[in-house]
Amino acid sequence: MASWLGGLGSGLGQSLGQVGGSLSSLTGQISSFTKDILLEGAEEVGDAATELHVSNSRLREIESINAAQKLENERLKKVCSDLEEKHEAAELQVKQLSVEYRKQLQQKEVEISHLKARQNALQEQLQKVQTATQSAQLGTDVLPPDATSASYVPVVRHSSGFEGDDMDFGDIIWSQQEINRLSNKVSTLESEVDHWKHIALSSKAQRTDDAEQSEICKLQNIVKELKQNLCQEIDEHQHELSVLQDAHRQKLVEISRRHREELSEYEERIEELENQLQQGGVSNDAMDNSKINEQQKSAQSFEGGKLDELQVVKDLEDEIRKLNHKLSSAKEENKALLKEKELVKAEQIQITQEYENLKSDFSMLQSSVAEQDALMKEQEKKLQSKTPLPEDVVRLQQALLEAENEIARLSNLNQEGLEKELTSAQHKHEEILSASTEGQNSELSQLRQDLQRKEQELSESIAERETLIVELEELDKQNQEANQHMIALKEQLSKQHTETDSIIKQLKLDIDSERKKVSELEIEKMETIKELNSQKEKLSQCSYALNDLHISKQQLQDNIKDLQEQLRKAQDCNLHNRKEMEELQQRLKEKEEELSVSLSKLTEKGSQESNYICQDVILKEKEVEIEKLQKDISENKQLSEDLEKSLSDLRTQNGKLIADIEELKQELSNTISEKNKVYLEKDAVVEALKMEKRQLESELNQTEKRLLEQAQKYKQTIGELSNARSMDTTALQLEHERLVKLNQEKDFKIAELQRSIEQMETDHQETKEMLTTSLGGQKQLTELIKEKEVFIEKLKNQTSQVKQELEEYMKVSVKQDVLKQNLEEKDRSLAVMKEENNHLKEEIERLKDQQSRSTPVVEPKTLDIIIELESEVTQLKVIKNNLEEEIEVHKKTIEDQNQTTAQLQQSLQQQRKEIDESKFQCEQMNVTHERLSLEKDEEIKNLQKTIEQIKTQLHKERQIIQTDSSDLFQDTKVQTLNGENGNEKHDLSKAEIERLVAGIKEREMEIKLLNEKNVSLSQQIDQLSKDEVGKLNQIIQEKEMEIQALNARFSSASYRQDVLCLQQQLQAYVVEREQVLAVLSEKTRENSQLKTEYRNIMDMVAAKEAALVRLQEENQKLSNRSENSSEDMSRETIQNLSRIIREKDIEIDALSQKCQTLLTVLQTSGTGTGNGSGSVNSNQFEELLQERDKLKQQVKKMEEWKQQVITTVQNMQHESAHLQEELHKLQAQFSVESDSNSKLQIDYNGLIESYEQNEKKLKSFSQELAQVQHSIGQLHNTKDLLLSKLDLVTPSVATASTISQRSDVQHSSPEVLSDESKLLQKELKQLKKKLQEKDSTIKTLQENNQRLSDSVVTASEIERKNQEWTESEMRQIKEKHDVLQRSLREKDILIKSKSDELLSVSENLSNKENENELLKQAVTNLKERNLILEMDIRKLKEENDKIVAQCREKETEFRALQETNMQFSMMLKEKEFESHSMKEKALAFEKLLKEKEQGKTGELNQLLHEVKSMQEKAVTFQQERDQVMVALKQKQMESSALQSEIQHLREKEQRLNQELERLRNHLLEMEDSYTREALAAEDREVKLRKKVVVLEEKLVSSSTAVENASHQATLQVESLQEQLNLVSKQRDETVLQLTISQDQVKQYALSLANLQMVLEQFQQEEKAMYSAELEKHQKQTAEWRKKAESLEEKVVSLQESLGEANAALDAASRLTEQLDIKEEQIEELKKEGEIKREMLEDVQNKLLNLMNSTEGKVDKLLMKNLFVGHFHTPKNKRPEVLRLMGSILGVKKEELDQLLSEDQRGVTRWVTGWLGGGAGSKSVPSTPLRPTHQNVFNSSFSELFVKFLETESRPSLPPPKLTVHDMKPLGAAGTGTPSSSQMQDSAVLGTSRRPDANPFLAPRSAAVPLITPANSSGHLLMKPISDALPSFTPLPVSPDASAGAVLKDLLKQ
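Analysis parameters
Residues numbered from 1 in each chain as written. Predicted model: local features only at pLDDT ≥ 70, side-chain atom pairs only at ≥ 80, totals over all residues. Heavy atoms only, no water. Helix = DSSP H or I, 4+ residues; strand = E, 2+ residues; numbered from the N terminus. Buried < 20%, exposed > 50% of the residue type's maximum accessible area, 1.4 Å probe, protein only. Contact = heavy atoms within 4.5 Å. Areas by Shrake-Rupley, 256 points an atom, 1.4 Å probe, with all protein chains shown as cover. Phe/Tyr/Trp six-rings, centres within 6.5 Å; stacked < 30°, edge-to-face > 60°. Lys NZ or Arg CZ within 6 Å of the ring centre and 35° of its normal. Patch = residues over 30% accessible without salt bridge, like charges linked within 9 Å, V, L, I, M, F, W, Y side chains within 5 Å. Salt bridge = Lys/Arg side-chain N within 4 Å of Asp/Glu carboxyl O. Lys, Arg positive; Asp, Glu negative; His and termini not counted. Charge placed at Lys NZ, Arg CZ, Asp CG, Glu CD. Expected span 1.5 Å × (residues − 1). Arc of directions from axis to C-beta. Core = buried A, V, L, I, M, F, W, Y, C linked by side-chain atoms within 4.5 Å. Axes fitted to C-alpha atoms, helices over the stretch in contact; angles between N-to-C directions. Parallel < 35°, antiparallel > 145°, perpendicular 65-115°, else oblique. Left-handed = near helix turned anticlockwise from the far one by under 90°. Nonpolar A, V, L, I, M, F, W, Y, C, P; charged D, E, K, R; others polar. pLDDT = per-residue confidence, 0-100.

Considering the overall build of the protein
(1) Moving on: Secondary structure summary: the protein contains 32 helices and zero strands in total.
(2) Moving on: Within the protein, buried positions represent 25% of all 1949 residues.
(3) Moving on: Counting contacts in the protein only where the partners sit at least 6 residues apart, residues at least 24 apart contribute 89% of the total.
(4) Moving on: Approximately 133,000 Å² of the protein is accessible, and the part contributed by carbon and sulfur atoms is 55%.

Okay, structure coming up:
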């Protein structure tokens, strides 16, 4: 019993442990979550470095979020731009379509006007016919104009269909707008989904399950809101749809009304035309009658001259025949033209049909768009879309087509009526002709008239032919225009379709992606819901007990959430404050820099006290800022203190919560154990409550099964224990051996513990070594920290000095304020004094006036007053002067302030300029990007254009192929029709055959044209690639196959269905093509996007490099050009000048030679003439010689000029050399400046390197810190392990050790009584709290174990007390051991997990630091690259400047050369002038020679002198002019060159100054940044050193703690050894006791055996937990299988019953068939029954008559039998017979007694009365005997009578079966109208035996009862036996005879 109860308790404990484990896991998660949050807060408050890291990480996260949002914004902008472009494109398409529809409306109106013109023409023709009939006086034969009437084929078209199309375009616009809106909504939803995904990912990393649950709730709320929004939007869409449908219906109603009005107008016009035709016919008849009379008269008059004119008549007839032939040919031509016209019209009709087909296609497209919109809506809210609108449009179009057909039919009727009237007129004319043959004169006149008329008709027909040809040409043009219009429409529709399909596909893809996302979210939701359900299921087990817990938990969670929110707010405030602090620090630094500047200015201007005011203002501002900073710092400190307080409160609350949870666990375990007991006691109650609590059934069943299995196990253990009692002493021996083994194992364990202690000592030594090494590193750090502290002290001294100066400034500012106030007061007093002064002056003047008037006696008082006033005036003047000086001083200070503000404004302007320059560079970069994007867009557009061209080519080819196929198809159709219907159409007229031939010819021509087009297209296709050709061929073959199939269908009757199929196929092909195009467009878009994304990264560097390359190339080109051009120009100019000089020298030589020849001629002529003219010749010679000298002088001058030019050129070269030297100097200066720049750059690089080195040092410090922290963590871990082991071994010693620790700490603390001691105390407090928590957990676990063991002990105390003591002790020991081992393992695992987490966190931190370093390196690299590029750009600019300078120098050289060239040109002009003058002189000489010959010398001389003088004057004037011009040009050139050089130098100076200023500013900025960074680094180093000091202190404390722990461990080992010694002593004592008391040993052996069994069972239970659970599951599965088998059996039985029911149904169907057969038989039998009823009625009547007749009579046989029986009976029994006879005959008992009392008399009376028929006797009808009946004389009379009655009562026939007569239908009364008897029978049947009927046959038939009430009228024999007849009641029918039994019999058969 005790073992059974112990097993029960252990089972309960295990189940409770499972429940508690789940609860502990939950609470552990909650506590870990809160601890993580608190630790995060603590870390953020405690460490500045971690705060920096956290803030950096958060900044990165915010930057990443910002970048993502920017990307999303850009993407949304792109989407918006795309949608706007689509919107604009759609609007343009709509406008184009509206324009085209308007054009079509105009065309239709033009067609209507043409038709009206045709109508007018027809009316005119009618009028002409009437006039012609009136003009024909006698039997005139006028042929009607058939051509005109036949040619009229009205084509009525309406414009009403287009008005509905406007509505369709409105629908399209609306649908596109909806699509755009939905796409926007999809994009917003995607962004929201991405946002929530991002939040979910970030929250998963930070939050626990509770946070996830809250987020799930939020998401569910959001989903609900979105669903509500969706519902609202769907309702709005439906409302808009209804509004649009109403508007569309109204428009359709208007269109139909207009159409009806037009139809009515056309019908009225047709009626008017018919009336006009009828009137015309009547008038024609009257005229014909009058003409006949006139012709008869004329025939009589012309009979005389008949024979004479026969020949003339024959000739005229021949002429008429010829004319008739001509007329017929003209008519045939007219007919051919009319056929052509009809064909053209038919083609037009076909075109209109195609147009209508296209319209229907468009409407179908709209319907498809609407359906897709509806599908979208269905997918969003699964609502069924309403009926599409385009069905109404299709109906209207059908109605329009029918109306047009009606109009065409009416017009045809009109034409037919006209033709009939014309034919009737022709017949009448022919009759008149036959009548008019009598008169030949009249015939002649008629023939002549006919000739004239036919000539007129010929002319008219020719004119008509021409008009018809013109009309044909117009129709061809219209046809071509219509074809072009149709092609354009098709292209537009295809484009629209492609666009709509692409949009729809995009939307579908968006919807699919959204669905996927939604499905993923739903999956995540389902997973979370599953997890929640699992948790709920776990919690539902303890829901009743944990209600209060949940309430408290919720309250605490709310508190925690509030505290978390407060923490977050505080963290945000901290971040904000930190940012503000950083900003204020930056401002402080800036202000300090400004202060330093102002201090320098103050030292320079020490004499000027005016600067104090501005500095005081600055100082005030700084003081205000410092106060603000101090306030912020104090607020931050308060916040941090509040946070620490809240953290401590939270920790305490956490501890309280954990304690509460543990108490609740204990309560739960108690309650669950009580519940289990209640379940065991009250199984019946549980079974009753199972129906009410189905949710808890499975759990209760499992617990019951477990309890049953445990009970079985405990029974087995009891049996085994009972067996163990009967065991021998062998068990005791085995137990003794086991105890020895246990002792050995304990010894081994002690040895292992000693080894582990040795290992711990070695580890301790290693840790000491590690600590020494770390202390060496820390000493170095302390030295660094000391250096930094010295630096900090210096800074503090500086700051204190600055503060002192600030205080001084403050004092000065206060003084200045006081002075200001005094000034203001003095100003006020001055104003008052001035007023008083004025008053006094006025008074003085008055006094003077009075004195002047009065006697000059001056009183002493007045004199005193005057003196006082004068003294006051002098004082006031002095004060005034002082005040003016102060005002001047203040003005100076204000001017100084203004100067400082101006300087500041200048610096600000410079900064703004720099910012503007940077903005300009950014704008240039943006411009380059935009150019690149524009180029890419152009490329994309070009590609799209090429794609569209290819599409159009393909489209045209397809159209051409389709037209070819259609033409061929029509030709084949015509041929096949002619072939098939050849036999039927023999009666076709020649005109129709000619029409067909003409059509065939035209088609052949068209085929030729199309063949030519095909050849050209085939050439084009050959140019395409082979793959495309193959594809096109396949498509063409498929299309040809489809066309052939369609041709086959086209010939059939189902034309419209085929058309619809064709339209569907067309749409499918269009959709395929558009899909391909959409895929292409998507691919191109993706490619472009990828290219742009790929190239955007490299664009910056590529653009800069490209700019560099371009600049270099341009520089090279410019330099080459300038050098080449300058050299070429100089060479060319020198060559040209040398060439010109040579030519001029040659001309001079030639002229000199001419002069010599002329001189020789003159000499010869002089010698020849004589001496008279010698003087003249000598004079002339002298003159000539003088001229020659002059010419020589001029030549010398020219040579001098030449030398001057050469010298000027050389001078220019020398000047150019000087300029080059100056250039070299400038270059050298520039190189020096560049060197200085390079030095600055080197300094900059050095600063960067120093910064990087500092960063590396910081990193190394951080790494060392991480290592130190890691080592500290390891030491903490080791310390925790040691403490936990020590606590586990001896908690009492641990408490003592804590006291000793306190004492040690107190001993060691007096040395360091500073902040470090406080930190150590805090850490000690935390450790104490942790130890207390651990102790509390251990105590709670021990209490749990004790309670379990107590419960087991109390259960087992009832049976055996001695055994229980030993068992409880062993159990307690082992359970404690197991619990402690488990707790050790759990704590080891926790420590390992925490260390792993720390390692992972440190690794993450290092990774992030590495990433930061990489990013910083990348940033520095990019900066360096930018600087390099800027340097390159500067170099290129400098090279550009150099090249420009070279170009300018070359230009100056070029100008000098131009000047020389001008001089040379002037020289040339002079030479030309001289040559010209020489030529003139030569001519003059020639003239002189001639004059000499003539004798005119004097005039010659005069002329020569004049010429010479004029030439000399001209030469002098020219020289002067040339010199002046040359000098002017030289001066201009020099001035321009000097100006250009000056400007160039000024620009260079400005550029260099700007660059210097920029470099200085840059250097200053860099120095400031580096100083800031150095200060920040020093601050960080100070902080790190402080941290290192703190860590060293912690290390020292930890080392002391470790030493204390080792000391405690040694103490514990000694205590353990003492305990072991005690245990060994106890063992010896037990051995002695064993030797002394063997009897007790035997008993203990039994108990030990039982204990071993129990222990083994416990071990087996522990091992067999999983096996038991498996067995439970197997049992459950077996039970479920049993249930499944039972259910299967039930299913089988139900199937069998179903089979029986089916068989019964089959039988019922058979019965119904048999009933139908037998109903026919019933009808036949009813007829027979009616006949037999008549017979029965006759028999009944006869029976009634017989009954009436035989009422008082007696049956002879009966009386005979009675009489004979009376005599046969013995005498003793005769009175009985008589009594029977009397009772039968109705005689009373009294009369019988009287008769029987008188023996003799009575017999005679009875006999006489019987025979005589007395009054008392009554005749009863006798029942005759059967023939089989035999008289048995031996038996008595009564026996015979009884037998008789039995034979009468038995039925002669067997028991009746249900016949067809009995099975009447129940509903017979309702179906037909039978007789009254049938009605009554059926009613009775329906009421009497309904419950006995078979359920399968209840509606068909029911059983007939054997007993019916007396109300049923009918034949008596047909009625059942009633109570009225004097007979016995019949036997009741057996139940087998019911309808059900009959059915069963039938089923069995």
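Observations concerning the packing of aromatic side chains
(1) Moving on: All chains considered together, the criterion is met by two aromatic pairs.
(2) Moving on: Centroid distance Tyr1251 to Tyr1570: 6.2 Å. Interplanar angle 55°. Geometry classified as tilted. Remark: Tyr1570 occurs in helix H22 (residues 1498-1636) and Tyr1251 occurs in helix H18 (residues 1174-1289); sequence separation between them is 319 residues.
(3) Moving on: Aromatic pair Phe1763 and Phe1767: ring centres 4.5 Å apart, planes at 70°, arrangement edge-to-face. Of this pair, Phe1763 and Phe1767 are both found in helix H25 (residues 1756-1768), four residues apart, which corresponds to roughly one turn of the helix.
(4) Moving on: According to the relative accessible area criterion, Phe1763 is partly exposed, its value standing at 32%.
(5) Moving on: According to the relative accessible area criterion, Phe1767 is partly exposed, its value standing at 45%.
(6) Moving on: The ring of Trp1680 carries the charged tip of Lys1683 above its face, separated from the ring centre by 4.3 Å.

Details of a negative patch on the surface
(1) Moving on: There is a patch of like negative charges on the surface, built from Asp82, Glu84, Glu85, Glu88, Glu91, Glu935, Asp937, Glu938 and Glu939.
(2) Moving on: For the negative patch, the secondary structure elements donating two or more residues are helix H2 (48-135) and helix H14 (860-980).
(3) Moving on: Counting residues per element, the negative patch draws most heavily on H2, which supplies five residues.
(4) Moving on: Position of Glu88 among the secondary structure elements: in helix H2.
(5) Moving on: When its relative accessible area of 48% is taken as the criterion, Glu88 is described as partly exposed.

Some words on helix H26 (residues 1774-1785)
(1) Moving on: Helix length check: H26, at 12 residues, gives a terminal C-alpha distance of 16 Å against a target of 16 Å (1.5 Å per residue), a fit within 8%.
(2) Moving on: Turning to H26, its buried residues are Val1777, Leu1778, Met1781, Gly1782 and Leu1785. Buried residues of H26, seen end-on, are gathered within an arc of 140° and therefore sit on one face of the element.
(3) Moving on: Gly1786, located one to two residues past H26, shows a positive phi value of around 85°.

Considering the pattern of salt bridges
(1) Moving on: On inspection of all chains with the given rule, the structure shows 25 salt bridges.
(2) Moving on: Between Arg257 and Glu261 there is a salt bridge whose closest N-O contact spans 3.2 Å. Placement of both Arg257 and Glu261 in helix H5 (residues 209-301) is noted, with a separation of four residues, approximately one turn of the helix.
(3) Moving on: Given a relative accessible area of 42%, Arg257 falls into the partly exposed group.
(4) Moving on: Owing to a relative accessible area of 39%, Glu261 belongs among the partly exposed residues under this scheme.

A look at the environment of Lys331
(1) Moving on: Its place among the elements puts Lys331 in helix H6 (residues 310-381).
(2) Moving on: For Lys331, a relative accessible area of 30% gives the class partly exposed.
(3) Moving on: Distance in space between the C-alpha atoms of Lys331 and Ile462 is 9.8 Å, their sequence separation being 131 residues.

Details of the nonpolar core
(1) Moving on: Leu781, Ile1272, Leu1584, Leu1591 and Leu1595 are the most contacted members of the largest nonpolar core, which totals 14 residues.
(2) Moving on: Broken down by secondary-structure element, the contributors of at least two residues to this core are helix H13 (730-853), H18 and H22.
(3) Moving on: Considering every element that reaches this core, the biggest residue donor is H18, with six residues.
(4) Moving on: When sequence neighbours within four positions are dropped, the list of residues in contact with Leu1595 reads Leu771, Ser774, Gln778, Ile1272 and Leu1275.
(5) Moving on: Listed in part, the 10 residues of the second largest apolar core include Leu97, Tyr355, Leu489 and Leu493.

Section: the packing of helix H21 (residues 1361-1494) against helix H23 (residues 1638-1663)
(1) Moving on: In contact at an axis separation of 10 Å, H21 and H23 are set at 30° when each is read in the N-to-C sense. Of the possible angle classes, the one that applies to H21 and H23 is roughly parallel. H21 and H23 meet at a crossing whose hand is right-handed. Mapping the contact onto sequence places Gln1363, Thr1366, Glu1367, Arg1371, Lys1374 and Arg1382 in H21 and Ser1647, Asn1650, Leu1651, Val1654, Leu1655, Phe1658 and Glu1662 in H23.
(2) Moving on: Per-class residue counts for the contact of H21 with H23 are four nonpolar, four polar and five charged.

Digging into a positive patch on the surface
(1) Moving on: On the surface, a cluster of positive charge is made up of Arg651, Lys1318, Lys1322, Lys1325, Lys1329, Lys1330 and Lys1394.
(2) Moving on: When residues in the positive patch are grouped by element, the largest group, five residues, is from helix H20 (residues 1315-1357).
(3) Moving on: By relative accessible area, Lys1330 is classed as partly exposed at 48%.

Comments concerning the confidence of the model for the protein
(1) Moving on: A residue-level look at the protein finds 76% of positions with pLDDT of 70 or above and a mean pLDDT of 77.
(2) Moving on: Segment residues 383-389: pLDDT under 50, and 13 contacts once partners within four positions in sequence are set aside and those in other chains are kept.
(3) Moving on: Note on residues 1917-1939: pLDDT under 50 across the span, and 20 contacts to partners over four residues away in sequence or across chains.

Concerning a nonpolar patch on the surface
(1) Moving on: A contiguous nonpolar surface patch, about 250 Å² in accessible area, is contributed by Leu863, Ile866 and Ile867.
(2) Moving on: When you line up the elements, Ile866 lands in helix H14.

Quick word on the packing of H25 against H26
(1) Moving on: Running from N to C, H25 and H26 cross one another at 160°; their axes reach a closest spacing of 9 Å. In this view, H25 runs roughly antiparallel relative to H26, as classed from their interaxial angle. The element H25 and its partner H26 pack so that their crossing is right-handed. Contacts from Leu1762, His1766 and Phe1767 of H25 reach H26 at Arg1774, Val1777, Leu1778 and Met1781.
(2) Moving on: Counted by class, the contact of H25 with H26 contains five nonpolar, one polar and one charged residues.

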